[in-house]
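# Close look at the chain arrangement
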Amino acid sequence: MGRLKSTAVFWVVRRGGLVRHAITVSPCAHAPNSAVEGACGAAVTLRLPTPNDRVPKTRTVTARCAECTAAVGRLGARDVVWDS
Ligand SMILES: [Zn+2]
């Protein structure tokens, strides 16, 4: 995990996912439907953004990937819970 140098991690839910994975790049920097590598090595395909007038489905997802948790715990990075 030497590649992880970020000062913030973004906890995102991939499409159809029920747990949050941590990514170290801002989800804003990625096109919808593109895959990003999670801290645990899983490919995370970002969901399409939810229209502003609706509550993102991901809002209710609180479970976090155990491997991502272990990986980012060593970083001391700021946690950002990201809904899309
Ligand atoms: Zn993960």
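Everything numeric in this text was worked out from a predicted model, so none of it was measured.

Conventions adopted
- Residues numbered from 1 in each chain as written.
- Predicted model: local features only at pLDDT ≥ 70, side-chain atom pairs only at ≥ 80, totals over all residues.
- Pairing = 2+ DSSP bridges.
- Helix = DSSP H or I, 4+ residues; strand = E, 2+ residues; numbered from the N terminus.
- Axes fitted to C-alpha atoms, helices over the stretch in contact; angles between N-to-C directions.
- Buried ≥ 20, exposed ≤ 12 C-beta atoms within 10 Å, placed from the backbone.
- Core = buried A, V, L, I, M, F, W, Y, C linked by C-beta atoms within 7 Å.
- Contact = placed C-beta atoms within 7 Å.

To continue, consider the sheet that holds strand β5 (residues 78-81). On the basis of which strands lie adjacent, the open sheet formed by 3 strands has the order β2-β1-β5 and mixed pairing. Only two strands of the sheet have a single partner each, and these edge strands are β2 (20-23) and β5. Neighbour to neighbour, the strand axes of the sheet diverge by 30 degrees on average, direction disregarded. Relative to β5, strand β1 (residues 8-13) is paired through 4 bridges, and the arrangement is parallel. Residue pairing across strands places V9 opposite D79, the latter belonging to β5.

What follows covers the pairing of β1. Within β1, 5 of the 6 residues are buried, which leaves the element mostly enclosed by the surrounding structure. Across 4 bridges, the pairing between β1 and β2 is antiparallel. Counterpart to V13 in the pairing with β2 is R20. Count of turn residues in the β1/β2 antiparallel hairpin: 6 residues, of which G16 carries a positive phi of about 75 degrees.

Further remarks concern the nonpolar core. Most often, soluble globular proteins have nonpolar side chains that are buried together. Ranked by internal contacts, the top residues of the largest apolar core, which has 14 residues, are V9, V12 and A22. Here this core gets 5 residues from one element, more than from any other, and that element is β1. If near-sequence neighbours (up to four positions away) are discounted, V12 is found in contact with R20, H21, I23, P27, V44, L46, W82 and S84.

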